[in-house]
Amino acid sequence: MSRTTNTILGAKVSRRAALHSAAGILGGAILPGGLILPARAADNPPLGTYPEGSSGTSVFVGISVPRTGTYAASGEDLIKGYQLAIEHLNEGNALMQKISPNIKKGVLGKEVKFGIADSEAKPNTAVQNLGKFISDNKAVLVTGSVSSAEAVADNKFADREKVIYLPGISGSNDTTGKDCVRYSFRECFYGQTAAKAIAPELIKTLGKNKKVAYLTPDYTYGHTVQKSVEEYVKEGGWTTATDQVSPLGTTEFSSYLLNVANSGADVVVNINFGRDAVLSIKQAKQFGILDKMTLAVPYNTPFLAKEVGADTMQGVLAATDYWWTLEDKFPLAKMFNDAFRAKYGSLPEWGANAAYMQLAMWADAVERAKSFYPPDVIKAYEAGAKVQSTVGEVYFRGADHQLVRPVIIERGKKPADMKNPDDFYEIVEVVPGEGLMQAPDAFGCKMGGYT
Amino acid sequence: MLSWANLLSQTFNGLVVGALLALISSGLTIIYGTLGVLNLAHGAMFMVGGYAGVVAYQYTGSFLVAIVAGAGFVLVLGVLMERLVIRHFYERPAEDQILVTFGLGIVFVETIRFFFGSLSQSMPPPSWAEGVTSLGFMIYPTYRLAVVGIIAVTLLALYLVLYRSRLGMIVRAGIEDSVMVDSLGINVMRVFMVVFGIGSMAAGFAGIVNVPIAPITPDIGEATLVEAFVVVVIGGVGSFPGAVLGGLIAGEILSLTSMINPSYSQVMLFVVMTLVLVLRPRGLLGAEGRS
């Protein structure tokens, strides 16, 4: 149905928009002369999807996560977190306002719309998804990943397109290390940070001079996390018995596990993620390896305990980003869990938390920048303002765009000690981020320009 | 990781891994050898068999019922698929057959994902096959040993049906000259339908037998399909004994390479396939090209 339009300076606008403009001009005319208005959109040159993407009454966020393949379960968890965050942004929810105090309804008053695409955890597919969101939907923000390989590819693509990108799950040291970019900000920690947090606990619990067998997925995340853990457990005199590298998506781990069984190791450090983690642990159990060797998980995967069972996970030390029982310690975690449970009828895993926090902190940066102009938003991020999160106070480090945040060390509970079917872990320690973080350039991060 | 104990363990493990690959690949090769249709939905049928069996297990708690249900469901699915879709593609170009089976595979995977989600589904081994067995040089999961026995019996049964029975004779005659077989009063189409069902059932059976080893997710069949193809190419396309031999060879390659460098074991599989294609294009036990 066509609407009546007026023509102002040759551009077709609706009658309502014309009335708004007229009211604005009249309003401006009667404002006191000394009042300084925020910088107007028109002051900045076009860049990326700016100003097109934010010129209407809504803005678009493109979400690209694996919905199929090895990482599908984590991808679905992320989607739930994103959707909850977008709902909260649009309604100006109380939890959202705790994280991003300036939020009312929408981001800078604009409704947030979104689209979801399946990345299959493949870098090529992920980048194509982002490309479509940027060209077709004029996305002001693109986000999502479960594999660091896709996160790194997305980083570079978004930086070239000058559209801000936020990784979902990505544990590689490269994501905010050698592959860091000006246009990307990561919520979850470096593999190095996780390794530094869990190593002392492992040495304390299991003793000194142990031999370690690693199960490592064959890509950037696996290799960097393996190196980090190896480096920090050295302090306890731990040595490497074997490093079993398997391709992403392996379903048959028997030959790797036999090598582990014959390696004389005391500890199995499993770096695999998603379904690879589930299958390798289940099969290690079948081979009787976990009766002789102790399992440790330096970067825990969502739903792991649920899938392999409390029986197998009892006593296992793991480092993670978020676990729901943190609600006993952090009020925002309680609010988040409650909202999540009300919407989905289940508890969030750490992917959902990472997704929610990423969008909330982005909204906060945009609100503080008072603009969607990417360099302004990036500078607002880089200012390193303290943000309240579901795991306490956190902030972004300007030099490598990494969130400084605590690492959660958890231990699998005995089935008899579980208070309910979801009570898989006890929180051993919430290790503050500050002391764990290496120098921002330790992994070779060199940022590009803003424009 | 080179030691005699490990070499023995890995050689043995190669046989076990190979047995499962042999079963899956035999289904693929039976269908291709008989009907000339390359069934790209074979991996999905492996997965569907697993889910059908798990559902049956959840209702009954019986391993045996799960196996029968998994294999039976995919048998019926295969028969329906042949009757409703594949039959209309026998006379069409190979690329059409590939596209339609590929498409059906996607439909199966996404349907399962719709109903079961992406989290893995599991089923424990039967109580008599729980735990580990000591073989002297190594300990090995009892269930995996049982699987080798189950698969050996299944492969033997398949062999007898296809090569030593009246049905098998008709099938082979039908491949040579279906018009002549038809004019002898035998319904070749019905035989083809049964063969498609049996080939699919092999995948479904392997799917459910594999669940206690590797919990299933909707896309677990993808990697399986690729490996099954490699096995079929190594063994000889359309050759049943070739699929068995190819499966065992592939299992050994995966296992033994991992001793030297685990990250190369998958690569070696494809290296060997390439070598076979260069040196003996019809595969180790493949017959001369079918018309």
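Residues numbered from 1 in each chain as written. Chains lettered and ligands numbered in written order. Predicted model: local features only at pLDDT ≥ 70, side-chain atom pairs only at ≥ 80, totals over all residues.

Could you give an account of the overall build of chain B, naming the residues involved and the relevant values?
A tally of regular secondary structure across chain B gives eleven helices and two strands. Traced from its N-terminal end to its C-terminal end, chain B shows the element sequence α-α-α-α-β-β-α-α-α-α-α-α-α. For 291 residues, the compact-globule estimate of 2.2 N^0.38 gives 19 Å, and chain B sits close to it at 19 Å. For the C-alpha atoms alone, the extent of chain B along its principal axes is close to 60 × 50 × 35 Å. A total of 291 residues make up chain B; the buried ones form 52% of that total. (Helix = DSSP H or I, 4+ residues; strand = E, 2+ residues; numbered from the N terminus. Rg over C-alpha atoms; globule rule 2.2 N^0.38 Å. Buried ≥ 20, exposed ≤ 12 C-beta atoms within 10 Å, placed from the backbone.)

Go over the interface of chain B and chain A, please, and point to the residues and values.
Counting residues at the interface gives 29 residues for chain B, matched by 31 residues for chain A. Counting only elements with at least two residues in the side of chain B that touches chain A, the list comes to α1 (4-35), β2 (139-141), α9 (220-235), α10 (240-260) and α11 (265-279) of chain B. Here the side of chain B that touches chain A takes six residues from α1 of chain B, the largest share from any one element. Considering only residue class, the side of chain B that touches chain A consists of 15 nonpolar, 13 polar and one charged. (Contact = placed C-beta atoms within 7 Å. Nonpolar A, V, L, I, M, F, W, Y, C, P; charged D, E, K, R; others polar.)

Describe the confidence of the model for chain B, with residues and values.
Regions with low pLDDT carry predicted coordinates that are not meant to be interpreted in detail. All names here are of chain B. Per-residue confidence for chain B gives a mean pLDDT of 90, with 98% of residues at or over 70. Considering each helix and strand of chain B separately, the mean pLDDT is smallest for helix α6 (residues 166-176), with a value of 80, and largest for helix α2 (residues 42-60), with 97. Scored as a complex, the prediction yields pTM 0.85 and ipTM 0.84. (pLDDT = per-residue confidence, 0-100.)

Tell me about the sheet that holds strand β4 (residues 111-118) of chain A, residues and numbers included.
Residue and element names in this part refer to chain A. Spatially, four strands are ordered β4-β3-β5-β6 in an open sheet, and the strand pairing comes out parallel. Two strands bound the open sheet, and with one partner strand each, they are β4 and β6 (164-166). Between one strand axis and the next, the sheet turns by 20 degrees as a mean value, whatever way the strands run. Taken together, the three bridges between strand β3 (residues 58-65) and strand β5 (residues 141-143) define a ladder with parallel strand orientation. The partner of Val61 across the bridge, within β5, is Leu141. (Pairing = 2+ DSSP bridges. Axes fitted to C-alpha atoms, helices over the stretch in contact; angles between N-to-C directions.)

Which residues make up the sheet that holds strand β12 (residues 387-389) of chain A, and what are the values?
Residue and element names in this part refer to chain A. Taking strand neighbours across the sheet as the criterion, the three strands line up as β12-β13-β14 in an open arrangement whose pairing is antiparallel. In the strand order of this sheet, the two ends are held by β12 and β14 (402-404), each with one partner. Averaged over all pairs of adjacent strands, the angle between their axes in this sheet comes to 40 degrees, without regard to strand direction. By the bridge criterion, three bridges tie β12 to strand β13 (residues 392-397) in an arrangement that is antiparallel. For Ser389, the partnering residue across the bridge sits in β13 and is Gly392.

Explain the pairing of β13 of chain A residue by residue, including any values.
Joining the antiparallel neighbours β12 of chain A and β13 of chain A is a turn of two residues. Between β13 of chain A and β14 of chain A, which follow one another and run antiparallel, lie four residues, and His401 of chain A among them has a positive phi close to 60 degrees.

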